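Remarks on the overall topology
Chain by chain, the residues run as shown.
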Amino acid sequence: MANSEEIRRDMIARARALTPKLSERARDAEEARRIPEQTHRDFLESGLYRVFQPARYGGNEFDLGMMIELAGELGRGCGSSAWIFSNLSVQNWMIGMTHPKAQEEVWGDNPEALTASSFPSPGATVKHVDGGIVVDGVWSFASGVDWADWNHMQIIIPNESGPPEFRFALVHKSDYEVIDDWFVTGLAATGSRSIRVNELFIPDHRTLMPVLIRDGNTPGSAVNPNPLYRHTFWAIGSKVFAGPVIGIAQGALDAITSNIADRVSVGGVNLAEQGSVHLSIAESGAEIAAARALSLSDCAQAYRMAETGELPSLEQRAGWRRNDAYAVMSCVRAVERLYALAGGRGIAWDNPYQRAWRDIHAGSSQIVVAWDLHATTYGKVKFGLPCPDPRL
């Protein structure tokens, strides 16, 4: 049997081989506001969706660094496709941390079952009842809902005497209605529509409380002993958004470099020979490479700590979130710098660079990677002030 490093290289090669196909489909996917069914099948057949799934259900149990590696490859071809891959596959990691009974309900009859996620919209309600919770209303931004059998709803329960209670709650697709409300300028092909639930009871075993899994002993780690399922989720889980953004930025750089290689200005100047072009290409490339290295370093550190049972300090956890936001911000800067090199063709709606420009701005708007928020959180923790995020 091949060793884990060989399997890792093979999986990255599979993602790399799909990238040209994703690029070819990107325009149609954007217009359809969803990735093509063939792309979904490619992810299934290549095993990409299962990289973080528990081994007892046929998964690979790779470390989270693979999120950066694989999404970084896929994002070069289509940012939305990389976003879908990341959001669906990372839920397999999260479900591996939930109660074993919930895992069996998700994968017992169908080990290839997929789960999307969603966030409560204004007016959504949650209340405690005996044995679980009852949810009602609309939950939004369900990336990958077209292909998901379940949804991992983010639940926020108000608490009059303290911070709100956060949970993730698993809901089967038969219990919600999909609302076609995804009309956006970036990451349009993710089809991140909303779902509606009506006074739905969710038993406690299908819920996961991030605040209770900071010590490395998650409900699922009893049956899934891999260190992957002992991570401090809220500190390192935001890497799910960094991977696609890094790939999108690299795809933008690829598009500009390819375009400039044989481009001559109206004045007869060969752009590939211009020093200013060299500087922009070099600096953007360095920013993207640095973002990737920083993200991979965090993932490796978090995994080593989970292996040994060492708990990260609050400053380390806040630092991982800071680094994630910084990596995303660096990639946005890299793509923005290239805008001046895109020329008139670069503003065409179907130009690959223009699509990457739209997608990266959409990806960076995710609150989990907002620089100002996580930079100030880190600063407060660094100076011993109260941490504003109770989940961290």
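First, a word on scope: everything that follows refers to the structure included in this document. (Residues numbered from 1 in each chain as written. Predicted model: local features only at pLDDT ≥ 70, side-chain atom pairs only at ≥ 80, totals over all residues. Heavy atoms only, no water.)

A look at the overall build of the protein chain
The number of helices and strands found in the protein chain is eleven helices and eight strands. Expected size for 392 residues packed as a compact globule is a radius of gyration near 21 Å; at 21 Å, the protein chain falls within 12% of this value. Based on the C-alpha atoms only, the size of the protein chain along its principal axes is roughly 75 × 50 × 45 Å. The proportion of buried residues among the 392 residues of the protein chain is 55%. Split by element, the accessible area of the protein chain, about 16500 Å² in all, is 53% carbon and sulfur. Taking the 37 positively charged and 46 negatively charged side chains of the protein chain as two groups, their mean positions are separated by 2 Å. (Helix = DSSP H or I, 4+ residues; strand = E, 2+ residues; numbered from the N terminus. Rg over C-alpha atoms; globule rule 2.2 N^0.38 Å. Buried < 20%, exposed > 50% of the residue type's maximum accessible area, 1.4 Å probe, protein only. Areas by Shrake-Rupley, 256 points an atom, 1.4 Å probe, with all protein chains shown as cover. Lys, Arg positive; Asp, Glu negative; His and termini not counted. Charge placed at Lys NZ, Arg CZ, Asp CG, Glu CD.)

Topic: the packing of aromatic side chains
One pass over the full model with this rule turns up twelve aromatic pairs. Measuring from ring centre to ring centre gives 5.2 Å for tyrosine 57 and tryptophan 107, while their planes differ by 50°; the resulting arrangement is tilted. Residue tyrosine 57 is found in the loop between α2 (37-46) and α3 (65-77), and its partner tryptophan 107 is found in helix α5 (residues 100-107); the two are separated by 50 residues along the sequence. The pair formed by tyrosine 57 and tryptophan 107 is uniform in burial state, with each residue classed as buried. An angle of 40° between the planes, with centres 5.2 Å apart, marks the rings of tryptophan 83 and phenylalanine 241 as tilted. Of the two residues, tryptophan 83 is situated in helix α4 (residues 79-95) and phenylalanine 241 in helix α7 (residues 239-261); the sequence distance between them amounts to 158 residues. Per residue, the accessibility class of tryptophan 83 equals that of phenylalanine 241, and both read buried. Site record: aromatic cluster; members linked through ring pairs are Trp93, Phe168, Phe233 and Trp234. (Phe/Tyr/Trp six-rings, centres within 6.5 Å; stacked < 30°, edge-to-face > 60°.)

Things to note about the pairing of strand β2 (residues 125-129)
Of the pairings in the sheet, the one linking β2 to strand β3 (residues 132-142) comprises five bridges and is antiparallel in character. Of the residues in β3, the one forming a bridge with threonine 125 is aspartate 136. Hairpin connection between β2 and β3: a loop of two residues separates the two successive antiparallel strands, and glycine 131 in this loop has a positive phi of roughly 85°. (Pairing = 2+ DSSP bridges.)

Quick word on the pairing of β3
The element β3 is largely enclosed, with a buried count of eight among its eleven residues. Relative to β3, strand β1 (residues 115-120) is paired through two bridges, and the arrangement is antiparallel. Bridge pairing links phenylalanine 119 to serine 140 in β3. Pairing analysis gives eight bridges linking β3 to strand β7 (residues 193-203), with the strands arranged antiparallel. Counterpart to glycine 132 in the pairing with β7 is proline 203.

Concerning the packing of helix α1 (residues 4-32) against α2
Helix-helix packing is characterised by the crossing angle of the two axes and by the distance between the axes. For the pair α1 and α2, the least separation of the axes is 11 Å and the interaxial angle reads 175°. Classified by the angle their axes make, α1 and α2 are roughly antiparallel. For the pair formed by α1 and α2, the contact residues are Met11, Arg14, Leu18, Lys21, Leu22 and Arg25 on the first element and Gln38, Thr39, Asp42, Phe43 and Ser46 on the second. In terms of residue class, the contact of α1 with α2 is made up of four nonpolar, three polar and four charged. (Axes fitted to C-alpha atoms, helices over the stretch in contact; angles between N-to-C directions. Parallel < 35°, antiparallel > 145°, perpendicular 65-115°, else oblique. Contact = heavy atoms within 4.5 Å. Nonpolar A, V, L, I, M, F, W, Y, C, P; charged D, E, K, R; others polar.)

With respect to the pattern of salt bridges
Within this structure, the stated rule accounts for 27 salt bridges. Between arginine 206 and glutamate 105 there is a salt bridge whose closest N-O contact spans 2.8 Å. Of the two residues, arginine 206 sits in the loop between β7 and β8 (207-208) while glutamate 105 sits in helix α5, which places them 101 residues apart along the sequence. Glutamate 105 gets classed as partly exposed once you look at its relative accessible area, which sits at 31%. Connected through salt bridges with shared partners, the residues Arg33, Asp146, Asp180 and Arg193 form a single ionic network. (Salt bridge = Lys/Arg side-chain N within 4 Å of Asp/Glu carboxyl O.)

What to know about the side chain of aspartate 149
Locating aspartate 149 in the fold gives a position in the loop between β3 and β4 (150-157). By relative accessible area, which is 18% here, aspartate 149 ends up buried. Setting aside anything within four residues of it in sequence, one finds aspartate 149 in contact with Asn110, Ala113, Leu114, His172 and Lys173.

Examining the nonpolar core
In terms of nonpolar packing, the biggest core is built from 82 residues, with Leu48, Phe52, Leu70, Leu74, Phe85 and Trp93 touching the most fellow members. The contacts of phenylalanine 52, once residues within four sequence positions are left out, are Phe62, Asp63, Leu64, Met66, Met67, Ser89, Val90, Asn92, Trp93, Leu228 and Tyr229. Membership of the second largest hydrophobic core comes to 16 residues, among which are Val126, Val145, Ile155 and Ile157. (Core = buried A, V, L, I, M, F, W, Y, C linked by side-chain atoms within 4.5 Å.)

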